[in-house]
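Residue-level structural notes
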Amino acid sequence: MSVRRVMSAPRIRPAALQDGEALTELDRLTWSPVHAVAPEPRPPFPPFFDSRHVPEDYLVAEVGIEGAEDRIAGYIRVARPTPLATNAHVRQIQGLVVYQWARRRGVARALLRAAALHARNQGARRLTLRVLGPNTAARTLYESEGYTVEGILPGEFHRDGQDIDDVFMGLSLTDSA
């Protein structure tokens, strides 16, 4: 018999440089072929933050469990998809990761909502993302938050003898408040 521990509502905050080690561990422990096209991370692990992955692009979800000190439960990366001025009005989710123990408890949904607000506050009018076709749990979550499929790249990835579709989804930030 398992006991489900009481977890506080997620609190979302900007990432800090000091979060790098914890976020590297989160990536390592949650890697799965269901959502990743890159190889499984192996030591030595590179720094989480670098010149292309800056703390300003990340939001972190923290939760308290049964009154314990808050701990990181997940993160989302919201960045410009290109450096072009012609699409400066677009932000793209380039990673949404939640610990297994925190799934189905509102963490990913809270991160998605915070990402939309964050992007809107930066002047973005659209928020996009890419998700692997077989990742139905993520696609269902995104659709429940108003994202729609805007395109599918059939067989964009190939792994273990299988072609994997890349699904492009988007959300208008001008239609929602």
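Located above this text is the structure these notes cover.
Here's what I pulled together on the structure shown here.

**Some remarks on the overall build of the chain**
The helix and strand inventory of the chain stands at 3 helices and 7 strands. For the chain, the α and β elements follow one another from N to C terminus as β-α-β-β-β-α-β-α-β-β. Radius of gyration (C-alpha) of the chain: 16 Å, near the 16 Å computed for a compact globule of 177 residues. For the chain, the spread of C-alpha atoms along the principal axes amounts to about 45 × 45 × 35 Å. For the chain, the residues scored as buried account for 39% of the 177 residues in total. As displayed, the chain offers around 10,400 Å² of accessible surface, 53% of which is attributable to carbon and sulfur atoms. The distance from the centre of the 22 positive side-chain charges to the centre of the 21 negative ones in the chain is 4 Å.

**A word on the nonpolar core**
One broad rule of soluble globular proteins: the nonpolar side chains tend to lie buried together. By size, the foremost hydrophobic cluster in this structure holds 31 residues, and its most contacted members are Ile-76, Val-107, Leu-127, Tyr-142 and Tyr-147. No other element matches the 8 residues that helix α2 (residues 107–121) contributes to this core. Beyond its immediate sequence surroundings of up to four residues, Tyr-142 is in contact with Leu-96, Leu-112, Leu-129, Val-131, Tyr-147 and Met-169. Counting 11 residues, the second-largest nonpolar core is a separate cluster that includes Leu-26, Phe-48, Ile-72 and Tyr-99.

**Quick word on unusual backbone geometry**
Cis geometry is found at the peptide bond from Pro-43 to Pro-44, where omega equals -5°. For Pro-44, the position within the fold is in the loop between α1 (20–30) and β2 (58–63). Phi at Arg-104 is positive, roughly 65°, even though this residue is not glycine. Structurally, the position occupied by Arg-104 is in the loop between β4 (90–98) and α2. Located in the positive-phi region is Asp-160, a residue other than glycine, with phi close to 55°. Positionally, Asp-160 belongs in the loop between β6 (148–159) and β7 (162–172).

**Things to note about the pairing of strand β5 (residues 126–132)**
Most of β5 is tucked away, with 5 of its 7 residues classed as buried. Strand direction decides the pairing type here: β4 and β5, joined by 4 bridges, are parallel. Note that in β5 the partner of Gln-92 across the bridge is Thr-128.

Cut-offs used in this document
- Residues numbered from 1 in each chain as written.
- Predicted model: local features only at pLDDT ≥ 70, side-chain atom pairs only at ≥ 80, totals over all residues.
- Heavy atoms only, no water.
- Helix = DSSP H or I, 4+ residues; strand = E, 2+ residues; numbered from the N terminus.
- Rg over C-alpha atoms; globule rule 2.2 N^0.38 Å.
- Buried < 20%, exposed > 50% of the residue type's maximum accessible area, 1.4 Å probe, protein only.
- Areas by Shrake-Rupley, 256 points an atom, 1.4 Å probe, with all protein chains shown as cover.
- Lys, Arg positive; Asp, Glu negative; His and termini not counted.
- Charge placed at Lys NZ, Arg CZ, Asp CG, Glu CD.
- Core = buried A, V, L, I, M, F, W, Y, C linked by side-chain atoms within 4.5 Å.
- Contact = heavy atoms within 4.5 Å.
- Pairing = 2+ DSSP bridges.

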